[in-house]
Every structure is written in C-alpha cells, then in structure tokens.
Amino acid sequence: MTPLKSSPRLLSFCFKLVLVLLLAYLLISGFYMWMIGGTAIYVSSAVLLTITAYVFKLGKYQKLCSVLNVLMSAAALYFSTAHLFFSPVQFFIFLPALFFVLLAFTAPDKTRNVYKVLIFISLLIWCSIHFTQLEQLQAYYQTQHTGESWQQFGAL
C-alpha cells in the first residue's frame, strides 16, 4: 500500500475551505441566534473575524486589522457583560482574534503553522459553544407554553 501523497497546495486549500465553512456557520447561526432573542456578540465577532481573514488573504494591513479586531472583540466582550446573557464561556470568542494578532506579528516560519492550527481549534471550540448555547436557548423557549414553536416565540 502506498502512502497518500498530498501537495501543500491541496492541504492549504482544504484548510482554507474548512476555515471559510466555519466562519460561514458562525455568521449564519450567530445571526439566527440574534434574531430569535440571543445576544448579538456572535454576529459582530464573526463579522470581525471574516474581515480579518479576508485581509490576511489580501496580504495588506494584516497587523492593523488584527489589532483592531482584538480591540473591538475586547470591547464587545466588555459591553456584553452588562447584559444578563453573558457567560464566562463566551471568552472563547476572543481567542481567534488573539491568535490572528499572533499570526500577524510572527515571521513567516514554522511557528505560523502553529498559530493557524490554534485559530482552527479555537474556531471549532467557538462553534461547539455556540451550538450548545443555541440548544440552551431552544430549551428555554420550550418551557414557554404558548403553543408556538420555539423559533416563532423567540422571533416575537
């Protein structure tokens, strides 16, 4: 049996595809959660991460955009603590932005691959936390006995 030989371009394409799919999931489900009564921090953070990822694709202003992303994410986390919807688990929203800053300020060597993997892992954690909170929101709306589905009740 011969080992599977993959080109670095194929691995790079697959990594970028998975990253785009994760960001698309976070954007769509974040907007959905905001629409049915959740917090809007997921939408704003996903938009910021999408803009930062696009800037990294362009190759210009990476440091500036990543630092602004961290500052805006920190401000969003700070202001979301004033609301009752904040949970300490939402701190994981801040991690991809922090890893983008570390990626922007490192020289192009082997450590950049470590930061890329950390961004990927933090996005996976963020997706799982977001899915869990969406399930909790669904369970909350199911306790309301209005005869409507949980999506209809939350959208009102």
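Below you will find a few notes about this structure. From a predicted model like this one, the values you see are computed outputs, not experimental measurements.

### What to know about the overall build of the chain
- From N to C terminus, the chain includes 6 helices and 0 strands.
- Secondary structure elements of the chain, listed N to C terminal, follow the sequence α-α-α-α-α-α.
- Burial analysis of the chain (156 residues in total) assigns 37% to the buried set.
- If you take every contact in the chain between residues at least 6 apart in sequence, the share linking residues at least 24 apart comes to 65%.
- Carbon and sulfur atoms provide 73% of the accessible area of the chain, an area that totals close to 10000 Å².

### Brief notes about helix 4 (residues 94-104)
- Summarising burial for helix 4: 9 of the 11 residues are buried, a large majority.
- Among the residues of helix 4, those classed as buried are Phe94, Leu95, Pro96, Ala97, Phe99, Phe100, Val101, Leu103 and Ala104.

### Structural notes on the environment of asparagine 69
- Within the element layout of this structure, asparagine 69 appears in helix 3 (residues 62-80).
- By relative accessible area, asparagine 69 is classed as buried at 2%.
- C-alpha separation for the pair asparagine 69 and leucine 48, spaced 21 residues apart in sequence, amounts to 6.1 Å.
- The contact partners of asparagine 69, leaving out residues within four places of it in the chain, are Leu48, Leu49, Thr52 and Ala97.

### Let's talk about the side chain of serine 122
- Inspection of the secondary structure assignment puts serine 122 in helix 5 (residues 110-142).
- Owing to a relative accessible area of 3%, serine 122 belongs among the buried residues under this scheme.
- At 2.9 Å, the side chain of serine 122 forms a polar contact with the backbone oxygen of isoleucine 119.
- Ignoring anything within four residues of it in the chain, the contact list for serine 122 reads Leu95, Pro96 and Phe99.

### A word on a nonpolar patch on the surface
- A cluster of nonpolar side chains, namely Tyr61, Leu64, Val67, Leu68, Leu71, Met72 and Phe105, defines an oily patch on the protein surface of about 740 Å² accessible area.
- Structurally, leucine 71 can be placed in helix 3.
- Leucine 71 gets classed as exposed once you look at its relative accessible area, which sits at 53%.

What counts, and where the lines are drawn
- Residues numbered from 1 in each chain as written.
- Predicted model: local features only at pLDDT ≥ 70, side-chain atom pairs only at ≥ 80, totals over all residues.
- Heavy atoms only, no water.
- Helix = DSSP H or I, 4+ residues; strand = E, 2+ residues; numbered from the N terminus.
- Buried < 20%, exposed > 50% of the residue type's maximum accessible area, 1.4 Å probe, protein only.
- Contact = heavy atoms within 4.5 Å.
- Areas by Shrake-Rupley, 256 points an atom, 1.4 Å probe, with all protein chains shown as cover.
- Polar contact = N/O pair within 3.5 Å; in protein donor to acceptor, adjacent residues only side chain to side chain.
- Patch = residues over 30% accessible without salt bridge, like charges linked within 9 Å, V, L, I, M, F, W, Y side chains within 5 Å.
- Salt bridge = Lys/Arg side-chain N within 4 Å of Asp/Glu carboxyl O.

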